[in-house]
Amino acid sequence: MTFMAKPKFHHPQLQKNALGYTRRDYEGPVSTLCAGCGHDSISAAIIRAVYELDLPPHRIAKLSGIGCSSKTPTYFLGASHGFNSVHGRMPSVLTGANLANKDLIYLGISGDGDSASIGLGQFAHSVRRGVNMVYIVANNGVYGLTKGQFSATSDKGAKSKRGALNKDEAIDLVGMALQLGATFVGRSFSGDKDQLVPLIKAALNHKGAAFIDCLSPCVAFNNHDGSTKSFDYIREHNEALNSLDFITGRQEITVEYKPGTVETVTQHDGSRLRLRKIADDYDVHDRIAALSYMQQRAAHGEIVTGLLYVDPEPQDLHAHLNTIEQPLNSLGTHALVPGQTALDKINAAFR
Amino acid sequence: MQPTDIKNPEYFHKVVDCQWACPAHTPVPEYIRLIAEGRYADAFMINWKSNVFPGILGRTCDRPCEPACRRGRIEEEPVAICRLKRVAADYKGDISARMPPKPQQKNGKRIALIGAGPSSMTVARDLAPLGYDLVIYDGEKKTGGMIRTQIPKFRLPEEVLDEEMGYITAMGPEMRLGQRIDSLKELLNESYDAIFVGTGAPKGRDLFIPGRQEASAHIHIGINWLANVSFEHVTKIGKRVIVLGGGNTAMDCCRTSRRLGGEDVKVIVRSGFDEMKASPWEKDDAIREDIPILNYLVPKEFKHKDGKLIGMTFEKVKAEYDAKGRRNLVPAGEPDQYFECDDVIIAVGQENAFPWIERDIGLAFDDRWNMPVVDETTFQSTLDKVFFGGDAAFGPKNIIWAVAHGHQAAISIHKFCQGEDVKDRPPTHMNITSQKMGIHEWSYDNAISVNVRTAVPHQDTHIALKNLRAEVELGFDDRLALREAQRCLNCDVQTVFNNTLCIECDACVDICPVDCITFTEDGEEQDLRTRLNAPSLNLDQSLYIANGLKTGNILVKDEDVCLHCGLCAERCPTGAWDMERTLIDVAQAGSACCTK
Ligand SMILES: Cc1cc2nc3c(=O)[nH]c(=O)nc-3n(C[C@H](O)[C@H](O)[C@H](O)COP(=O)(O)OP(=O)(O)OC[C@H]3O[C@@H](n4cnc5c(N)ncnc54)[C@H](O)[C@@H]3O)c2cc1C
Ligand SMILES: Cc1ncc(C[n+]2csc(CCOP(=O)(O)OP(=O)(O)O)c2C)c(N)n1
Ligand code: SF4
Ligand code: SF4
Ligand code: SF4
Ligand SMILES: [Mg+2]
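Let us look at the structure shown here. (Residues numbered from 1 in each chain as written. Chains lettered and ligands numbered in written order. Predicted model: local features only at pLDDT ≥ 70, side-chain atom pairs only at ≥ 80, totals over all residues. Heavy atoms only, no water.)

1. Let's talk about the interface of chain B and chain A
Chain B puts 34 residues into the contact, and the matching count from chain A is 30 residues. Of all residues in chain B, D510, P513 and R571 of chain B bury the most surface against chain A, accounting for 22% of the area lost on that side. A salt bridge links K193 of chain A to D506 of chain B, with the nearest nitrogen and oxygen atoms 3.1 Å apart. Taken together, the connections running from chain B to chain A amount to 15 residue pairs in polar contact (both at pLDDT 80 or more). Mapped by element, the contributors of at least two residues to the side of chain B that touches chain A are α7 (71-74), α20 (507-511) and α22 (567-571) of chain B. Per-class residue counts for the side of chain B that touches chain A are 20 nonpolar, 4 polar and 10 charged. (Contact = heavy atoms within 4.5 Å. Buried area = accessible area lost by both parts, 1.4 Å probe. Salt bridge = Lys/Arg side-chain N within 4 Å of Asp/Glu carboxyl O. Polar contact = N/O pair within 3.5 Å; in protein donor to acceptor, adjacent residues only side chain to side chain. Helix = DSSP H or I, 4+ residues; strand = E, 2+ residues; numbered from the N terminus. Nonpolar A, V, L, I, M, F, W, Y, C, P; charged D, E, K, R; others polar.)

Right, here's the structure in full:
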């Protein structure tokens, strides 16, 4: 753990975004995680994404459960709203907050233990309801905070640091998210910010349930030979589908690519995702094909990364519930407690 | 790109920009840390070894280190390096026991040194412990050269000068003060093994415009006048004084005038304010003493009446820049300006003069400048046993350059007397030690202070102006010194990378507050500089390159604005970064003065 505060000085040429903030303004205090933890790189990627999107910190709410991964919201977006909930319960707290105030941008941060073990049900329901959020699982294949037990995403056959073999089948969160109707699904690696940052930016602009499974090596308990979530293993088995540029509505596309190698996906709000395809025949709009592709490659031991699926016209929970435009938390008591006459009217409708 | 050879002392030396910029290469951060610890005597000795005159320089140095100070790249102002040096001198206590002992045995060689200014005295300091018989000549009755005759006492108390010259005279050179050398030829006949010429640039430039002759009784040449003040031959001046010139001599003349009875003292300069040669702080000090500085005025005529100076006229000019960006002063087309005055002091430059060096003795002079031909590395003239240094070598500079020349000339003289090749220069040494004490403990204070530069307390101006000898700057006390010392970034504590340990986890990249570190594909320097995590605009500062990483990427660290905070090393899971202190020891003659 580092005890020293990060010096306030920054690079003299550090750019400011449209709001006049530097990237450093989106930081939090210095991380207390183990030095080299992949989770810290994800925090850095989130900081960059939010800075580059010119998002005002006070419009973001970061929510998490329990675990090293769930501690990370402390270390980024120091000026945003935060809620560190109980183990596996981030999705329901996030859903509630989102229902009350749909105007905030919801960033759910969780771990593989937090989401695939104790919180599996919560994860599933928040995704199938289409809560408008970015749900990031920092996936290291272990319970890092409790000293490295296998988690539910640990691959069958993987070895623990002490040499124990994992005999259980792994839960594939990406597969589940696809099945459960997430309208944006990606997978990435903490050690590849060029891929991760645009993915987070695109997810933050997606008006629906966006899920990112981010492989994030635990340097303390899961970075040895025999681990399938180590820096070396992931680098060797990483198969990137595409690389992504996220372009907001205002920006012009300047770089040209050969036709056929690039696909531009225009989202509802006018922002565009430009996919530079690596696997030519992969279709990011075909949920079923995505599922089977993922499984095929997994059978060959490959970890497919990139934007796996996106629905450019997503619907979210508020659309399903047909709530009013105005955030519910801004309605006055008068609107929320309409009084006896209104109640009588409703009751009469059931008679 | 080629991986960086960090074994070459020059690489890390250039990262310690203050030390690199110091002509005598004083290990600045090392002594600043000692000051922070209250170890003033140790800090003094580090300085004394490199720059010989810490107390003098701590008050008067031109401080080329400060514009180079890396702190100035990340905030407004550099560390007050120079004034911290003074702290070491002020609070060191008695250090006489730490001075090098007189050599037990003489080496049989005799050296003459002409001039007792800082360059000669440095040569003497370096050579005395090696057993040389040294004879120092000076036309003046005291040591110090222009430091004594020119620099006013309110900037440099005489006791400080006496003390620091005294350390050298105590080393036993024969002092022939008051003895001017009138013929080098004759001196060459006195069978010295080598001769050092440190006679300075003693001639003040004059200004030949109408009225100069007629009004000469009240027109003074700056450096002569300052010397006369110093010797107390001159004790007063008229009420209204004009000082001509924009350099530091002009600043000393105007401030001295204010102390000798000048009430309406002004400095009048041809150039604009910003282009003036005087150091910014010297200008500030003059202005603080109610001395206006008038710019873009070219002297035209001395006005006189009945043989007495009454005023001066000036032509107003303006700056124009040609296509190449060169500045020309052209008439502004305004009427001439007239200023009444009682005295004028001309401080428009200084020149060398060698009337006492015969031109037929085999010592070549440059025809154009009428200057001796001197080798820029060895300081040897074309007459192999005669060496030059200080202002005498390449024209007027300053004390710290005189010292630096002195060290190099001493190396050459030593080699020459030992029959070695003077061109073969001794190498720089680098001592490098890890600062790691525990997982998060370092043996240097790596927290970065956000304090702005500490101002040096000044004597009240009313009191200062009443006494020519009252020192204006009062220096830092221990509390202010500590505060200022903590602003130093410890740029000699280097980030050292071990490519075999790095797992490319990016932790160092993410934590670095100034975005120094990038892992990327290899490429040529020009291209690489465009691909780093932060703009890399300072081409004078090297990139630290390491290869051999598993992914095939290279590590690129732009040294430019590194804070030496050690966070990269703290956050590295494998210890691939270490913080290591480099002590860079630039060679001196025979290394006899190494006192650490
Ligand atoms: C007004 C003024 C203010 C200055 N202020 C500063 C300052 O604040 N900081 C700074 O760094 N520099 C300052 N300088 C410059 C600095 O004083 C010189 O650069 C420095 O002293 C040069 O040292 P030196 O050893 O070359 O020779 P000098 O200091 O010039 O010494 C030469 C000595 O040689 C003697 N000499 C000359 N000819 C003979 C001869 N034929 N025989 C015997 N002896 C001889 C002279 O009497 C003199 O003592 C200032 C200069 C002036 C004029
Ligand atoms: C209700 C409850 N059960 C168990 C725990 C103990 N516990 C703390 S963190 C953790 C696992 C966290 O794993 P993961 O979400 O993968 O986070 P990581 O530390 O690996 O980032 C567990 C089981 C708890 N805090 N609360
Ligand atoms: S235990 Fe593992 S997951 Fe937790 S902080 Fe350390 S490296 Fe990261
Ligand atoms: S010491 Fe390391 S972390 Fe600190 S500024 Fe330098 S490179 Fe960055
Ligand atoms: S923190 Fe250490 S291991 Fe990680 S990338 Fe930096 S040097 Fe390499
Ligand atoms: Mg985990």
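2. Considering empty space enclosed by the protein
All names here are of chain B. Tallied over the entire structure, the rule returns 11 cavities of 30 Å³ or more. The space that makes up the largest cavity amounts to roughly 140 Å³. In terms of lining, the largest cavity is formed by 15 residues, of which the most central are R59, R83, R155, D285 and E473. Those elements that provide at least two residues to the lining of the largest cavity are α5 (54-60), α8 (81-91) and α15 (280-288). No other element matches α15, which puts 3 residues into the lining of the largest cavity. A breakdown of the residues in the lining of the largest cavity according to their chemical character gives 4 nonpolar, 1 polar and 10 charged. (1 Å grid on protein atoms, 1.4 Å probe; cavity = no way out; pocket = protein on both sides within 12 Å on 5 of 7 lines; lining within 4 Å. Points joined across faces, edges and corners; volume = space filled by probe spheres on them.)

3. With respect to the packing of helix α1 (residues 38-52) of chain A against helix α7 (residues 193-204) of chain A
All names here are of chain A. Across the interface, α1 lies against α7 with an axial gap of 9 Å and an inter-helix angle of 55 degrees. On the basis of their axis angle, the class for α1 and α7 is oblique. Of the two elements, α1 crosses α7, and the hand of that crossing is right-handed. Within the contact between the two elements, α1 uses S41, I42, A44, A45, I46, R48, A49, V50 and E52 and α7 uses K193, L196, V197, I200, K201 and L204. Looking at the contact of α1 with α7, its residues break down into 10 nonpolar, 1 polar and 4 charged. (Axes fitted to C-alpha atoms, helices over the stretch in contact; angles between N-to-C directions. Parallel < 35°, antiparallel > 145°, perpendicular 65-115°, else oblique. Left-handed = near helix turned anticlockwise from the far one by under 90°.)

4. Structural notes on the pattern of salt bridges
Residues and elements named next belong to chain B. Summed over the entire model, instances satisfying the criterion amount to 67 salt bridges over all chains. Of the charged contacts, one joins D336 and K300 as a salt bridge, the two residues approaching to 2.6 Å between their closest N and O atoms. Taken together, the residues D336 in the loop between β12 (327-331) and β13 (337-340) and K300 in strand β10 (residues 297-305) connect sequence positions 36 residues apart. With relative accessibility at 38%, the residue D336 sits in the partly exposed group. With a relative accessible area of 39%, K300 lands in the partly exposed category. A single salt-bridge network, built from bridges that share partners, covers K142, R148, E158, D162, E232 and R469. (Buried < 20%, exposed > 50% of the residue type's maximum accessible area, 1.4 Å probe, protein only.)

5. Describing the site of ligand 5
Around ligand 5 sit 14 residues, and of these C502, I503, C505, C508 and C572 of chain B come closest. For the shell around ligand 5, the per-class residue count stands at 11 nonpolar, 1 polar and 2 charged. (Near = heavy atom within 4 Å.)

6. A look at the environment of L77 of chain A
All names here are of chain A. Counting through the fold element by element, L77 comes out in the loop between α2 (68-71) and β2 (81-84). In the structure, L77 is positioned 16 residues away from A61 in sequence and 9.3 Å away in space, judged by C-alpha atoms. In this structure, L77 is in contact with Y26, E27, G28, I46, V50, I60, K62 and L107, ignoring residues within four places of it in sequence.

7. Considerations on the sheet that holds strand β4 (residues 194-197) of chain B
Residue and element names in this part refer to chain B. Reading across from one edge, β3-β2-β1-β4-β18 is the order of the 5 strands in this open sheet, with parallel pairing throughout. In this open sheet, the two edge strands, each paired with only one partner strand, are β3 (174-177) and β18 (386-388). Ignoring which end each strand starts from, the neighbouring axes of this sheet average 20 degrees apart. Pairing of strand β2 (residues 133-138) with β3, which is carried by 4 bridges, proceeds in the parallel orientation. When the sheet's bridge partners are listed, Y137 is paired in β3 with R176. (Pairing = 2+ DSSP bridges.)

8. Overview of the pairing of strand β25 (residues 554-558) of chain B
All names here are of chain B. Burial runs high along β25: 5 of the 5 residues are buried. A two-sided burial pattern is seen for β25, the buried positions comprising I554, V556 and D558 on one face and L555 and K557 on the other. Looking at chain direction, strand β23 (residues 517-520) and β25 are connected through 4 bridges and run antiparallel. The residue bridging F519 from the neighbouring strand is L555, located in β25. As paired strands, strand β24 (residues 543-546) and β25 are joined by 4 bridges and run antiparallel to one another. What sits directly across from A546, in β25, is L555.

9. Digging into the site of ligand 4
If you check the shell around ligand 4, you find 14 residues, and the closest are C512, C562, L563, C565 and C568 of chain B. Class assignment of the residues belonging to the shell around ligand 4 gives a composition of 10 nonpolar, 3 polar and 1 charged.

10. With respect to the coordination of the magnesium ion (ligand 6)
Residue and element names in this part refer to chain A. Here the magnesium ion (ligand 6) is held by the protein donor atoms D112 (OD), N140 (OD1) and V142 (O), which lie 2.1 to 2.2 Å from it. Positions of the donor residues of the magnesium ion (ligand 6) along the chain correspond to the pattern D-x27-N-x1-V. Taken as a pair, D112 in helix α4 (residues 112-117) and V142 in strand β5 (residues 142-143) lie far apart in primary sequence, 30 residues in all. Relative accessible area serves as the criterion here: at 2%, D112 is assigned to the buried category. Owing to a relative accessible area of 4%, V142 belongs among the buried residues under this scheme. (Donors = N, O, S within 2.8 Å, 3.2 Å for Na, K, Ca; no water.)

11. Examining the packing of helix α3 (residues 28-36) of chain B against α8 of chain B
Residue and element names in this part refer to chain B. Taken N-terminus to C-terminus, the directions of α3 and α8 make an angle of 50 degrees; their axes are 10 Å apart at the nearest point. The angle between α3 and α8 falls in the class oblique. The chirality of how α3 crosses α8 is left-handed. Two secondary-structure elements touch here, α3 through V28, Y31, I32 and I35 and α8 through I81, L84, K85, V87 and A88. For the contact of α3 with α8, a count of residues per class yields 8 nonpolar, no polar and 1 charged.

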